[in-house]
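Residue-level listing of the chains:
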Amino acid sequence: MHAYLYTAFITLLTVALLFAVTFNVGRARGKYRIQAPATNGHEMFERAYRIQLNTIENVLMFLPALWLYAMLIGDKGAGDSGMIWLVGRIWYAIAYQTNPAKRGYGFLISLLVIAGLWLGAAYGIYGVYLKA
Amino acid sequence: MHAYLYTAFITLLTVALLFAVTFNVGRARGKYRIQAPATNGHEMFERAYRIQLNTIENVLMFLPALWLYAMLIGDKGAGDSGMIWLVGRIWYAIAYQTNPAKRGYGFLISLLVIAGLWLGAAYGIYGVYLKA
Amino acid sequence: MHAYLYTAFITLLTVALLFAVTFNVGRARGKYRIQAPATNGHEMFERAYRIQLNTIENVLMFLPALWLYAMLIGDKGAGDSGMIWLVGRIWYAIAYQTNPAKRGYGFLISLLVIAGLWLGAAYGIYGVYLKA
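Residues numbered from 1 in each chain as written. Chains lettered and ligands numbered in written order. Predicted model: local features only at pLDDT ≥ 70, side-chain atom pairs only at ≥ 80, totals over all residues. Heavy atoms only, no water.

Enquirer: Hey, could you run me through the interface of chain C and chain B in this one?
Expert: It is common to give the size of an interface as the accessible area lost on bringing the parts into contact. Listed as interface residues are 23 residues of chain C and, on the opposing side, 23 residues of chain B. Counting the surface lost from both chain C and chain B, the interface buries some 2,100 Å², and carbon and sulfur atoms represent 81% of this. Sorting the residues of chain C by area buried against chain B places Leu60, Met61 and Trp118 of chain C first, and these three jointly supply 27% of that buried surface. Viewed at the interface, chain B and chain C are joined by zero salt bridges. Put simply, chain C and chain B have three residue pairs in polar contact (both at pLDDT 80 or more) between them. Contributing elements (two or more residues each) for the side of chain C that touches chain B: helix 2 (43-72) and helix 4 (104-131) of chain C. Among the elements that line the side of chain C that touches chain B, the one with the most residues is helix 2 of chain C, at 13 residues. Among the residues making up the side of chain C that touches chain B, the classes are represented as 17 nonpolar, no polar and six charged. (Contact = heavy atoms within 4.5 Å. Buried area = accessible area lost by both parts, 1.4 Å probe. Salt bridge = Lys/Arg side-chain N within 4 Å of Asp/Glu carboxyl O. Polar contact = N/O pair within 3.5 Å; in protein donor to acceptor, adjacent residues only side chain to side chain. Helix = DSSP H or I, 4+ residues; strand = E, 2+ residues; numbered from the N terminus. Nonpolar A, V, L, I, M, F, W, Y, C, P; charged D, E, K, R; others polar.)

Enquirer: I'm lost on the environment of Val128 of chain A in this one. Help?
Expert: Tracing the backbone shows Val128 of chain A in helix 4 (residues 104-131). Sequence separation between Val128 of chain A and Leu72 of chain A is 56 residues; the distance between their C-alpha atoms is 8.4 Å.

Enquirer: What is the right way to look at the side chain of Ser110 of chain C in this model?
Expert: Residue and element names in this part refer to chain C. Here Ser110 shows up in helix 4. In terms of polar contacts, Ser110 uses its side chain to reach the backbone carbonyl oxygen of Phe107, at 2.8 Å. Here Ser110 is in contact with Asn58, Trp85 and Arg89, once residues within four sequence places are set aside.

Enquirer: Please explain the relation of the copies chain B and chain A as it appears in this structure.
Expert: There are two copies of the chain, and a rotation about an axis plus a shift along that axis relates them. Under the fitted operation, chain B is carried onto chain A by 0.0 Å of movement along the axis and a turn of 120°, and the coordinates agree to an RMSD of 0.0 Å. Given the turn and translation reported, the copies of this chain are related as if by a three-fold rotation axis. In terms of proximity to the rotation axis, the leading residue of chain B is Leu60 of chain B, whose C-alpha is 4.6 Å off the axis. Interface overlap between copies: only 4% of the residues of chain B at the interface are likewise at the interface in chain A, consistent with a contact formed by different surfaces. (Least-squares fit on C-alpha atoms with pLDDT ≥ 70 in both.)

Enquirer: I keep staring at the packing of helix 2 (residues 43-72) of chain A against helix 1 (residues 5-31) of chain C and nothing clicks. Help me out?
Expert: The relative placement of two packed helices is expressed as an angle between their axes plus a distance between the axes. Where helix 2 of chain A contacts helix 1 of chain C, the axes come no closer than 9 Å and their chain directions differ by 155°. By the angle between their axes, helix 2 of chain A is roughly antiparallel relative to helix 1 of chain C. Crossing geometry of helix 2 of chain A relative to helix 1 of chain C is assigned as left-handed. Two secondary-structure elements touch here, helix 2 of chain A through Arg50, Glu57, Leu60, Met61, Pro64, Ala65 and Leu68 of chain A and helix 1 of chain C through Ala8, Thr11, Leu12, Val15, Leu18, Phe19, Thr22 and Arg29 of chain C. For the contact of helix 2 of chain A with helix 1 of chain C, the residue count by class is ten nonpolar, two polar and three charged. (Axes fitted to C-alpha atoms, helices over the stretch in contact; angles between N-to-C directions. Parallel < 35°, antiparallel > 145°, perpendicular 65-115°, else oblique. Left-handed = near helix turned anticlockwise from the far one by under 90°.)

Enquirer: Is there a simple way to think about the interface of chain B and chain A in this case?
Expert: In this assembly, 23 residues from chain B lie in contact with 23 residues from chain A. Counting the surface lost from both chain B and chain A, the interface buries some 2,200 Å², and carbon and sulfur atoms represent 81% of this. In this assembly, chain B and chain A are joined by zero salt bridges. Our count for the chain B to chain A interface comes out at three residue pairs in polar contact (both at pLDDT 80 or more). Put simply, the parts of the chain that give the side of chain B that touches chain A at least two residues each are helix 2 (43-72) and helix 4 (104-131) of chain B. Ranked by the residues each element gives to the side of chain B that touches chain A, the list is headed by helix 2 of chain B, at 13 residues. Across the side of chain B that touches chain A, the residue classes break down as 17 nonpolar, no polar and six charged.

Enquirer: Is there a simple way to think about the pattern of salt bridges in this case?
Expert: Opposite charge on two side chains makes pairing possible when the charged atoms of those side chains draw close. All names here are of chain B. With the rule as written, the count across this model stands at six salt bridges over all chains. The partner of Asp80 in a salt bridge is Lys76, and the shortest N-O contact between them spans 3.5 Å. Taken together, the residues Asp80 and Lys76, both in helix 3 (residues 75-98) and four residues apart, mark about one turn of the helix. Owing to a relative accessible area of 43%, Asp80 belongs among the partly exposed residues under this scheme. (Buried < 20%, exposed > 50% of the residue type's maximum accessible area, 1.4 Å probe, protein only.)

Enquirer: Looking at this structure, how should I read the packing of helix 4 of chain A against helix 1 of chain C?
Expert: Close contact between helix 4 of chain A and helix 1 of chain C brings their axes to 10 Å; oriented N to C, the two are set at 150°. Viewed along their axes, helix 4 of chain A and helix 1 of chain C adopt a mutual orientation that is roughly antiparallel. The two elements helix 4 of chain A and helix 1 of chain C cross, and the hand of that crossing is left-handed. From helix 4 of chain A, Leu111, Trp118, Ala121, Ala122, Ile125, Val128 and Tyr129 of chain A reach across to helix 1 of chain C, where they touch Leu5, Ala8, Phe9, Leu12, Val15, Ala16 and Phe19 of chain C.

Enquirer: I keep staring at helix 2 of chain C and nothing clicks. Help me out?
Expert: Structural remark: α-helix, 3.6 residues per turn; residues separated by three or four positions point the same way. Helix length check: helix 2 of chain C, at 30 residues, gives a terminal C-alpha distance of 43 Å against a target of 44 Å (1.5 Å per residue), a fit within 8%. Counting buried positions along helix 2 of chain C yields 27 of 30 residues, so the element is predominantly enclosed. (Expected span 1.5 Å × (residues − 1).)

Enquirer: Before we go on, may I ask you to explain a nonpolar patch on the surface in this structure?
Expert: All names here are of chain A. Residues Trp91, Tyr105, Leu108 and Leu112 make up a contiguous nonpolar surface patch of about 470 Å² in total accessible area. Broken down by element, the residue count for the nonpolar patch peaks at three residues, all from helix 4. Structurally, Leu108 can be placed in helix 4. (Patch = residues over 30% accessible without salt bridge, like charges linked within 9 Å, V, L, I, M, F, W, Y side chains within 5 Å. Areas by Shrake-Rupley, 256 points an atom, 1.4 Å probe, with all protein chains shown as cover.)

Enquirer: Which parts of the structure should I look at to understand the packing of aromatic side chains?
Expert: Two descriptors summarise a pair of aromatic rings, namely the distance from one centre to the other and the angle between the planes of the rings. Scanning the model with the defined rule gives 21 aromatic pairs over all chains in all. When the centroid spacing of 6.2 Å and the interplanar angle of 25° are considered together, the rings of Phe19 of chain A and Phe23 of chain A count as stacked. Of this pair, Phe19 of chain A and Phe23 of chain A both sit in helix 1 (residues 5-31), separated by four residues, roughly a single helical turn. For Phe19 of chain A, a relative accessible area of 38% corresponds to the partly exposed category. With a centroid separation of 5.9 Å and 40° between ring planes, the pair formed by Tyr92 of chain B and Phe107 of chain B is classed as tilted. (Phe/Tyr/Trp six-rings, centres within 6.5 Å; stacked < 30°, edge-to-face > 60°.)

Here you go:
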């Protein structure tokens, strides 16, 4: 496990991020009086809901790419990339809630990190394949 | 793999839970005649749909926390926690479908288990970091 | 890592699939002028959105089942099953976007693969348990 210390730490923070965006939906549900199971009715609630769904879909690409990179290339690089990804996602979440038009950069940063991890992992798999 | 027998078993049951709540949406789609891609139109269908989405968002926090805990603290504790989490999620799903007002406890149990696994994993990472 | 070469490769392609269906939603958002955070308003956009959500819910069952199978039974079998799953999911996505009525087979194939991986992993866990 020692070998994946940074990757484990990033994964832990990712779970905290998921918790935060989920909690934010519950908060908005109460504040704007959107009774479950409804998922629309107030612009601010719909933003909170979209932030959560977008974070979920992004995490589902990020975590596999992160761990593949960690296993095939290295733990330290996965940890550094993960930190940038987290900054991008927090930016995205805050921007979307306050002004949807400004969410672009945060979204772009997180997507570029995933692309980088993905390419690194692909390169690693190719290297292992050549030696096999 | 022997080292993660309980964690693997819980993961297997989690996949079965995801299958069950997904199947339930398909069933509700047929019963209340909600043609895809619509996701609303009948209260009972919307409940089934919300159960599935809520289970997905919960699983995405649970599985990473479960495996981090298993790797950093131990397989047996992860297995026991996972069993409680499963009880909470099954409770939640059944309660939401029959009476949304009663889903609270199941939801709370599953969230507390995730919090416990998360804190355990954080403690484990801190311990590894001190020794590094 | 060498031990999970095929499984890692399938995981990489799964992340690419998630990216493709996510990109498709963004494309549909622009083409049919559905301003965020709205998620309905045009049939074609709603299809793209449903493809993405359905892929997400399917991946969340597939990846854990795939890796459990790889760890408990073998990497090669996981890789072969994963290839069939990918074919099913790509079929599903293309069919749903062009003609929802024809998405059934793709969906069925991907579900059968998950069931096979799940049963294989369950058998593997049972075998480890007997020896423990």
